[in-house]
Amino acid sequence: MQVTFLGTSSGVPTRARNVSAVALRLPQRSELWLFDCGEGTQHQFLRSELRLSQLRRVFVTHMHGDHVFGLPGLLASLGLAGNSSGVDLYGPEALEDYLQGVLRTSSTRIGYPITVHRVKEAAQQGRLVLEDDDIIVRATPLTHRVPAYAYRIDQKPRTGRFDIDKARALNIPPGPVYAQLKQGRTVTLEDGRRIDGRELCGPDRPGVSIVYCTDTVFCEAAVELARGADLLIHEATFSHAEAEMAFQRQHSTSTMAAQTAAEAGVKQLALTHLSPRYAPGNAVTPDDLLHEAQAIFPNTLLAKDFLTLDIHPAE
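What comes next is a walk through the structure. Not measured: the values here are computed from a predicted model.

### Focus on the overall build of the protein
Per the secondary structure count, the protein includes eleven helices and 16 strands. With respect to the three principal axes, the spread of C-alpha positions in the protein is 75 × 50 × 40 Å. Of the contacts formed within the protein by residues at least 6 apart in sequence, a portion of 62% connects residues at least 24 apart. Summing over all exposed atoms, the protein offers an accessible surface of approximately 14700 Å²; the carbon and sulfur share of this is 49%. Each charge sign in the protein was given a centre, from 32 positive and 36 negative side chains, and these centres are 4 Å apart.

Okay, structure coming up:
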């Protein structure tokens, strides 16, 4: 999977950072998933190498404007392009009313199907938000001023490595049959032999896991959702010195994000959703927040707009 940060500021955009949006590219299926869609996100697409035409799903964490004000415009532009087969939206209860209200009052017509999925019950009951042949998506309620949800994306285990030497030793002719055997399927050859592909493949290999967690103050639910993830994307709105403000506004500090990562045992932490007060040149800068987090969880990076991370499965 490939993650691209399209917006890493909280509340309002700055010269260097737009408001929240993270793109998840699934190269093997030519799909793009979007997590939150702050104002100006479609402009960020234009400045990136991502293709809006590949957008298939949008996951919204909560209904604050810096996470949803870009959604109607982006969907409208996608409709004008005329090359979308449909988009599924996932989010809080109010998402559908908000979107339909904007589209209706602006006389905007979308020429492709849009389906809205409410995640509240699935998040509260521990049910899956989405499952297909390759991927599972879960959600959990966070602790914020309005209903908010974190999302976890898990790639299902992949079939183990195909032993081509063993296949040749069995006199299996190369060709399309190899592709079926690599997927662990049972194949009947022209000579009548039935070959179980699983016997030609090594142990299953784990897929990639990514967690997107914003907006919230530190909470155990986020820790549980993130356990063992390859990448945790977590808000760090405030510095450690402003923890009291973080609790009042129900946001996280850099150290809360790091604590979540450490307790969950994730492999890497990416800090995002930084307050504009920490712009370079101010008394406290984004690098200071990074150092605070790294003191607790060393494998932490600071997200910036257009930063792209390739997340590879463990071998």
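The discussion continues.
### Considerations on the pattern of salt bridges
A complete count under the given rule lists 16 salt bridges for this structure. Its salt-bridge partner being Asp196, residue Arg198 comes within 3.1 Å of it at the nearest N-O pair. The partner of Glu242 in a salt bridge is Arg277, and the shortest N-O contact between them spans 3.1 Å. Within this pair, whereas Glu242 is found in the loop between β13 (231-235) and α9 (243-249), its partner Arg277 is found in the loop between β14 (269-272) and α11 (286-294), the two being separated by 35 residues in sequence. The network of salt bridges with common partners includes Arg29, Glu31, Asp132 and Asp134.

### Section: the sheet that holds β14
Strands belonging to one sheet form pairs held by backbone hydrogen bonds; the direction of such a pair is parallel or antiparallel. The sheet built from seven strands is open, its strands ordered β7-β8-β9-β12-β13-β14-β15 with mixed pairing. Edge positions in the sheet fall to β7 (130-131) and β15 (300-302), since each has one partner strand and no second. Of the pairings in the sheet, the one linking strand β12 (residues 209-213) to β13 comprises four bridges and is parallel in character. Residue pairing across strands places Tyr212 opposite Ile233, the latter belonging to β13. Helix-sheet contacts for helix α10 (residues 254-264) involve β13 and β14, and the interaxial angle to β13 is about 155 degrees. Strands β14 and β15 of the sheet are contacted by α11, whose axis makes an angle of about 170 degrees with β15.

### Notes on the side chain of Arg57
Mapped onto the elements of the fold, Arg57 is located in strand β4 (residues 55-59). For Arg57, a relative accessible area of 10% translates into the label buried. At a separation of 2.6 Å, a polar atom in the side chain of Arg57 contacts the side chain of Tyr90. Residue contacts for Arg57: discarding those within four places in its chain leaves Leu32, Trp33, Leu34, Val87, Asp88, Tyr90 and Leu130.

### Topic: the pairing of strand β3 (residues 31-35)
By the criterion of burial, β3 is predominantly enclosed, with five of the five residues buried. Of the two faces of β3, the one lined by Glu31, Trp33 and Phe35 and the one lined by Leu32 and Leu34 are each fully buried. Taken together, the five bridges between strand β2 (residues 21-26) and β3 define a ladder with antiparallel strand orientation. Within β3, the position partnered with Leu24 by the bridge is Trp33. Hairpin remark: β2 followed by β3, antiparallel, with four residues in the connecting loop; positive phi at Ser30, about 55 degrees. Inspection of the sheet shows β3 paired to β4 by four bridges, in the parallel sense.

### A look at the pairing of β2
By the criterion of burial, β2 is predominantly enclosed, with five of the six residues buried. Two elements, strand β1 (residues 2-7) and β2, share five bridges in a ladder whose sense is antiparallel. Within β2, the position partnered with Phe5 by the bridge is Val22.

### Observations regarding helix α4 (residues 95-105)
Residues of α4 that are buried: Leu95, Leu99, Gly101 and Leu103. Packing partners of the buried residues in α4 comprise α3 (71-81), β5 (87-91) and β6 (114-118). One or two positions beyond α4, positive phi appears at Ser107, with a value near 55 degrees.

### Observations regarding the packing of aromatic side chains
Taken as a whole and judged by the stated rule, the model has seven aromatic pairs. When the ring of Trp33 is compared with that of Phe59, the centres are 5.6 Å apart and the planes differ by 45 degrees; the resulting orientation is tilted. Of this pair, Trp33 sits in strand β3 while Phe59 sits in strand β4, and the two are 26 residues apart along the sequence. Accessibility expressed as a relative area gives 0% for Trp33, which makes it buried. For Phe59, a relative accessible area of 0% translates into the label buried.

Rules behind the numbers
- Residues numbered from 1 in each chain as written.
- Predicted model: local features only at pLDDT ≥ 70, side-chain atom pairs only at ≥ 80, totals over all residues.
- Heavy atoms only, no water.
- Helix = DSSP H or I, 4+ residues; strand = E, 2+ residues; numbered from the N terminus.
- Contact = heavy atoms within 4.5 Å.
- Areas by Shrake-Rupley, 256 points an atom, 1.4 Å probe, with all protein chains shown as cover.
- Lys, Arg positive; Asp, Glu negative; His and termini not counted.
- Charge placed at Lys NZ, Arg CZ, Asp CG, Glu CD.
- Salt bridge = Lys/Arg side-chain N within 4 Å of Asp/Glu carboxyl O.
- Pairing = 2+ DSSP bridges.
- Axes fitted to C-alpha atoms, helices over the stretch in contact; angles between N-to-C directions.
- Buried < 20%, exposed > 50% of the residue type's maximum accessible area, 1.4 Å probe, protein only.
- Polar contact = N/O pair within 3.5 Å; in protein donor to acceptor, adjacent residues only side chain to side chain.
- Phe/Tyr/Trp six-rings, centres within 6.5 Å; stacked < 30°, edge-to-face > 60°.

These results come straight from atomic positions and should not be treated as a statement about function.
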